[in-house]
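# Observations on the three-dimensional arrangement
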Amino acid sequence: MTPTAPLQPLLDTAVIVLEAPTQVWSDDAGGMGSAPIHGIYHGDVRQIRAVEIAVDGTDLESIGCSSPSPQRVLFTDVLRGLDDETPDPKVRLDRDRRVSAGSFSERIRVSRHLRAATPIGITVQLTPDFAPMQLVKAGMPTDAAWTWDGRTCRANDASFALVAPGATVTSDGERLTLRWELDLAARDAETVEWTLELADTSLVVTAPAHPATAQLPEVADPRVAHWLARASADLSALRLATPEHPDDAFYAAGAPWFFTLFGRDSIWAARLALAADPAIAASTLRVLGRLQGTTHDVSTAEAPGKIPHELRSSGLAIPGEGVHLPPLYYGTVDATPLWVCLLADAHDAGMPDDELRGLLPTLRGAVDWMVEHGDASGSGFIDYADESGHGLANQGWKDSGDSVQWRDGRLAEGPIALSEVQAYAYEAAVRGAALLDRLGESGAEELRTWAADLRARFREAFWVTTEEGRYPAIALDAHGAAVDTLTSNIGHLLGTGILDPDEERVCVELLAGDSMSSGYGIRTMSTGADGYWPLSYHGGSVWTHDTAIAVHGMLRSGLSDEARVLARQLLDAAEGFDYRVPELHAGDARIPGGRPVPYPAACRPQAWSAAAAVVCAQALT
């Protein structure tokens, strides 16, 4: 049999507890080590790969797992090897696992309903790992060397301190062993606990200084209320800040791989959740504004005025793909206009003029990037190409290598000008001009003229006609040809102003049709395209935030009935995932009595998927 190449870990059956920047993945019995994703992570390092618990003289048989909050999970086992001969289990083990930012604890309680006293030995074995997240994601083996001084385990910049009262702790160089010897009296219970304090001196993100301030809207539908509560808790657990500015929180993109600042993701999450938490929109704008580009640098894709794509403590290499990203990477074509759109939204939601004025230099830089630097190829539209040779090939939200395809499955040749980016830029220019007027600043009329020209050119260049109808293409390729696949990108055009009302209705009808609507949200690619596959990352799957953006646009365009239909589909999907909607799910058509099919490697929780609950609640009330 041919050896299997390294594979990305699957996530859909794993249990997670988290509070950024710390996360813990296990099976539903609490064990770690049987699946590639398992372990205790802090920042971008998996510090412990495996945790195994044993009780002398018995197997542990799992009977329960529940998670009352993102930061806590409870596991229950019965210990029938220590039981009597009656049918009712009378010896049980309960584990209460909790995570906070930089901390892990597990309380283990053994209880008995037997008349005789007995000694019980409990062993917990920990396998330190200190694997970089990028290697875990690639399914690559790791062999980081670590040291143990009797209390602290360390490898390079990362470390954890272990405290286990009452336990004997030993190390054999491969694992740490914690051992408790208990004497349980008749009908007695004993509790032991072990904790970890996790640290990494290289981290560029940290827990915020203050708790979340979100205020959930009141809703009558209990399912909507349930989704909102779960989503709000997850968003709170995903909040991060930079060490230099702990008062300014933003949403990490998602767990496990994207536990950091992402320009596009953090902006859209803040935007979709704006009605519940306008404060995080303002702080996200400030965080990204501090990192705005100031110079041209091909190696990082930086340009003056450009908003960054992602921030990490070290460079990111994606094995097998030739991708090597610097710690601060600017390879995103849409974060800059989206930053302006979020600024306008935040101001409409009550951001004071003095805060707006404080962000004026970033606003100026962003609109200058759109007008002066966004059209790198001279196409007349904002486009992208990876000039470094080691960055992301696609730099819109569909950033996988095969996301921009013709209907016959051919990949489009770059530079690429995405349809939704032109829509974002148009909205950003129009609303940015209004902000300049508000502050009594110059340049607004020139910006409106640029926007009007972009809108006219968009109508001439992007509309295509195929057997599926007439609609805006996903993109223009290197030759200015309209890439003719029908995709969910047209949903991002709604509410931006780049389409007239009749054109918006054409797009809405196509999105609601059988080829695009799965019944659980909008497919990323039409079933009529040769490249369609329901488990393709960007070629047929359903992304909750993608559909929610269409709902967001419909609401702004006054298409409330159409928005309600899509929001109801996402609510049904949320119920199928116990109200923690993953990053994406399969694009299979809905069947009566069924439930959405998972995309098994989807991240969860994901910030913009969670934030979708807020805009859907608006549509459903």
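Below is a short write-up of the structure. (Residues numbered from 1 in each chain as written. Predicted model: local features only at pLDDT ≥ 70, side-chain atom pairs only at ≥ 80, totals over all residues. Heavy atoms only, no water.)

### Describing the sheet that holds strand 1 (residues 15–19)
- The seven strands lie next to each other as 1-2-3-4-9-14-13, forming an open sheet whose pairing is antiparallel. Single-partner strands in this sheet number two, and they are strand 1 and strand 13 (168–171). Taking the axes of each pair of neighbouring strands and ignoring which way they run, one obtains an average angle of 20 degrees across the sheet.
- Across nine bridges, strand 4 (residues 45–55) lies against strand 9 (residues 118–132) in antiparallel orientation. Bridge pairing in strand 9 places Ile-53 opposite Val-124. (Pairing = 2+ DSSP bridges. Helix = DSSP H or I, 4+ residues; strand = E, 2+ residues; numbered from the N terminus. Axes fitted to C-alpha atoms, helices over the stretch in contact; angles between N-to-C directions.)

### As for unusual backbone geometry
- With an omega of 10 degrees, the peptide bond between Ala-20 and Pro-21 qualifies as cis.
- Mapped onto the elements of the fold, Pro-21 is located in the loop between strand 1 and strand 2 (22–26).
- Cis rather than trans, the peptide bond between Ala-255 and Pro-256 has omega equal to 5 degrees.
- With respect to the element layout, Pro-256 can be found in the loop between strand 17 (245–251) and helix 3 (263–272).
- In this structure, Phe-130 takes a positive phi of about 55 degrees despite not being glycine.
- Relative to the elements of secondary structure, Phe-130 occurs in strand 9.
- With a relative accessible area of 6%, Phe-130 lands in the buried category. (Buried < 20%, exposed > 50% of the residue type's maximum accessible area, 1.4 Å probe, protein only.)

### Focus on the packing of helix 2 (residues 222–237) against helix 13 (residues 607–620)
- Packing of helix 2 against helix 13 leaves a shortest axis separation of 9 Å and a crossing angle of 145 degrees. Between helix 2 and helix 13 lies a crossing whose hand is left-handed. The residues of helix 13 that touch helix 2, namely those facing Val-224, Trp-227, Leu-228, Ala-231 and Leu-235, are Ala-607, Ser-609, Ala-610, Ala-611, Ala-612, Ala-613, Val-614, Cys-616, Ala-617 and Leu-620. (Left-handed = near helix turned anticlockwise from the far one by under 90°. Contact = heavy atoms within 4.5 Å.)

### A closer look at the packing of aromatic side chains
- All chains considered together, the criterion is met by 10 aromatic pairs.
- Measuring from centroid to centroid gives 5.5 Å for Phe-258 and Phe-262, while their planes differ by 80 degrees, and the two rings are edge-to-face.
- You can call Phe-262 buried: its relative accessible area is 6%.
- Ring centres 5.0 Å apart and planes at 75 degrees place the aromatic pair Tyr-537 and Trp-543 in the edge-to-face group. (Phe/Tyr/Trp six-rings, centres within 6.5 Å; stacked < 30°, edge-to-face > 60°.)

### Notes on the pattern of salt bridges
- Using the criterion set out here, one finds 42 salt bridges in the structure.
- Put simply, Arg-407 and Glu-467 hold a salt bridge, and the shortest N to O gap is 3.7 Å. Note that Arg-407 is positioned in the loop between helix 7 (360–373) and strand 22 (417–418) and Glu-467 in the loop between strand 23 (463–466) and strand 24 (469–472), a separation of 60 residues in sequence.
- Judged by its relative accessible area of 77%, Glu-467 is exposed.
- Each of Arg-271, Asp-345, Asp-348, Glu-427, Arg-431 and Arg-556 takes part in salt bridges that share partners, so that together they form one network. (Salt bridge = Lys/Arg side-chain N within 4 Å of Asp/Glu carboxyl O.)

### Quick notes on the sheet that holds strand 8 (residues 103–112)
- Taking strand neighbours across the sheet as the criterion, the eight strands line up as 5-6-7-8-15-12-11-10 in an open arrangement whose pairing is antiparallel. Each edge of the sheet is formed by a strand with only one pairing partner; in this case those strands are strand 5 (61–69) and strand 10 (147–148).
- Where strand 8 and strand 15 (residues 189–200) come together, nine bridges link them in antiparallel fashion. Note that in strand 15 the partner of Ser-111 across the bridge is Ala-189.

### Considerations on the environment of Gln-125
- Along the chain, Gln-125 turns up in strand 9.
- As for Gln-125 and Glu-52, which are separated by 73 residues in sequence, their C-alpha atoms are 5.2 Å apart.
- Every residue in contact with Gln-125, bar those within four places of it in the chain, is listed here: Ala-50, Val-51, Glu-52, Arg-175, Leu-176 and Thr-177.
- At 3.4 Å, the side chain of Gln-125 and the side chain of Thr-177 are in polar contact. (Polar contact = N/O pair within 3.5 Å; in protein donor to acceptor, adjacent residues only side chain to side chain.)

### Some remarks on the packing of helix 4 (residues 278–290) against helix 5 (residues 335–348)
- Relative to each other, helix 4 and helix 5 sit at 145 degrees, their axes nearing to 9 Å. Crossing of helix 4 over helix 5 shows left-handed handedness. Residue-level contacts link Ala-281, Leu-285, Leu-288 and Gly-289 of helix 4 to Trp-339, Leu-342, Leu-343 and Ala-346 of helix 5.

### Description of the environment of Ala-237
- Note on placement: Ala-237 falls in helix 2.
- Note on Ala-237: relative accessible area 0%, which makes it buried.
- For the pair Ala-237 and Tyr-251, spaced 14 residues apart in sequence, the C-alpha separation works out to 8.9 Å.
- Contacts of Ala-237, omitting those with residues within four sequence positions, involve Leu-18, Glu-19, Ala-20, Pro-70 and Gln-71.

### Overview of helix 10 (residues 501–512)
- Counted at 1.5 Å a residue, the expected span for helix 10 with its 12 residues is 16 Å, and the 16 Å between its end C-alpha atoms agrees.
- All of the buried residues along helix 10 are Glu-503, Glu-504, Cys-507, Val-508, Leu-510 and Leu-511. Within helix 10, the buried residues cover an arc of 165 degrees as seen down the axis, which keeps them to one side. Facing away from the buried side of helix 10 by more than 90 degrees, the exposed set consists of Pro-501, Asp-502, Glu-509 and Ala-512.
- Here the buried face of helix 10 lies against helix 9 (444–462), strand 23, strand 24, helix 11 (544–556) and helix 12 (560–576). (Expected span 1.5 Å × (residues − 1). Arc of directions from axis to C-beta.)

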